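# Structure assessment
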Amino acid sequence: MRVRVVLLDMDGVVWLAHREIPGSSEAVEILRASGAIVGFVTNNSFSTRDDHVGHLAAMGIEAGAHLYTSAMAASMVVPAGARVFLCGGRGLAQELERVGAEVILAHENRGVEHVDSVVVGLHLEMDYGTVSDAARLVRNGARFIASNADPVYPTPDGPVPGGGAVVAAIQTASGIAPLVTGKPHRTMVDLVVGSLGRLDTGDVWFVGDRADTDGGFAAALGCRFAHVLSGTDIEGNPTADLVARDLAAVADHLVGGNR
Ligand SMILES: [Mg+2]
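What you see is a predicted model, and the numbers here were worked out from it, not measured in a lab.

Criteria and thresholds
- Residues numbered from 1 in each chain as written.
- Predicted model: local features only at pLDDT ≥ 70, side-chain atom pairs only at ≥ 80, totals over all residues.
- Pairing = 2+ DSSP bridges.
- Helix = DSSP H or I, 4+ residues; strand = E, 2+ residues; numbered from the N terminus.
- Contact = placed C-beta atoms within 7 Å.
- Axes fitted to C-alpha atoms, helices over the stretch in contact; angles between N-to-C directions.
- Domains from an automatic or database assignment.
- Parallel < 35°, antiparallel > 145°, perpendicular 65-115°, else oblique.
- Left-handed = near helix turned anticlockwise from the far one by under 90°.
- Expected span 1.5 Å × (residues − 1).
- Buried ≥ 20, exposed ≤ 12 C-beta atoms within 10 Å, placed from the backbone.

Here we come to the sheet that holds strand β9 (residues 143–146). Sheet architecture is open: five strands sit in the order β7-β6-β8-β9-β12, paired in parallel fashion. This sheet does not close on itself; its edge strands, each paired only once, are β7 (102–105) and β12 (179–180). Lying over the sheet, helix α4 (residues 90–98) contacts β6 (83–87), β7 and β8 (117–120), oriented at roughly 170° with respect to β6. Here helix α6 (residues 163–174) sits on the sheet in contact with β6, β8 and β9, set at roughly 145° to β8.

As structure tokens, then:
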């Protein structure tokens, strides 16, 4: 069957901390040359859309029209005019401002009162004071929104704490669980399906390095899942439709026979 759409997770699939996983740029070219739409779906809410486009361009990959981040998903559940306490990076700040929210940066504003939402992602300035303020605001009734719950972020030197580690600190201190908007959750499904239309057909593939977030997201979309071992997971999930060393091997499997 011809492949119609291939959606790629980025960290651990295309790159490790923006260092290309060998063969990924060629794999994207091969998939596009076959006629497939190639898009990108990342739980990374720290980088802005422009950052992602720039990092892809540095590897010779054109981002194209289909780039979706968990920061975009988080901004979908925040109404215009909302006062948001943000424990997160530039990507989240930019998407929240795009929808008309008032963004209060946690690490620059201590002792804040009366916010509508606490939005959390990877937050490099996280410290005891930011966790303390965020937990207090959530306990006092602010809506707790997490862009993602990924425990780690894969780098060439091994995993480092991800957005989920920041979320866990605030969740533990507040005793309240967040609405998570990134993969594999509903808001991200709505974002991607709202843009690309139905994806629950056999000619759509999702390629990811995490069985929980990426495999779960493919299941939520109703598409096929290719599990690559170039990132966080070192063993293939038995429920994946394809387990492969890396994206180059996936491209070869999906369209290699047609070349
Ligand atoms: Mg990944």
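Okay, back to it.
Interface size, as often reported, equals the accessible area lost upon joining of the parts. Partitioning the chain into structural domains gives domain 1 (5–70 + 184–258) and domain 2 (78–180). Taken over C-alpha atoms, the centre of domain 1 sits 26 Å from the centre of domain 2. Counting residues at the interface gives 17 residues for domain 1, matched by 19 residues for domain 2.

Where helix α5 (residues 128–139) meets α6, the closest approach of the two axes is 8 Å, and the angle between their N-to-C directions is 55°. As far as their axial angle goes, α6 and α5 are oblique. Classified by chirality, the crossing of α6 by α5 is right-handed. Across the interface between the two elements, V131, A134, A135, V138 and R139 of α5 pack against A169, I170, A173 and S174 of α6.

The terminal C-alpha atoms of α5, which comprises twelve residues, lie 16 Å apart, in line with the 16 Å expected from a rise of 1.5 Å per residue. Among all positions in α5, only T130, V131, D133, A134, A135, L137 and V138 are buried. Just downstream of α5, G141 is the residue with a positive phi angle, here 115°.

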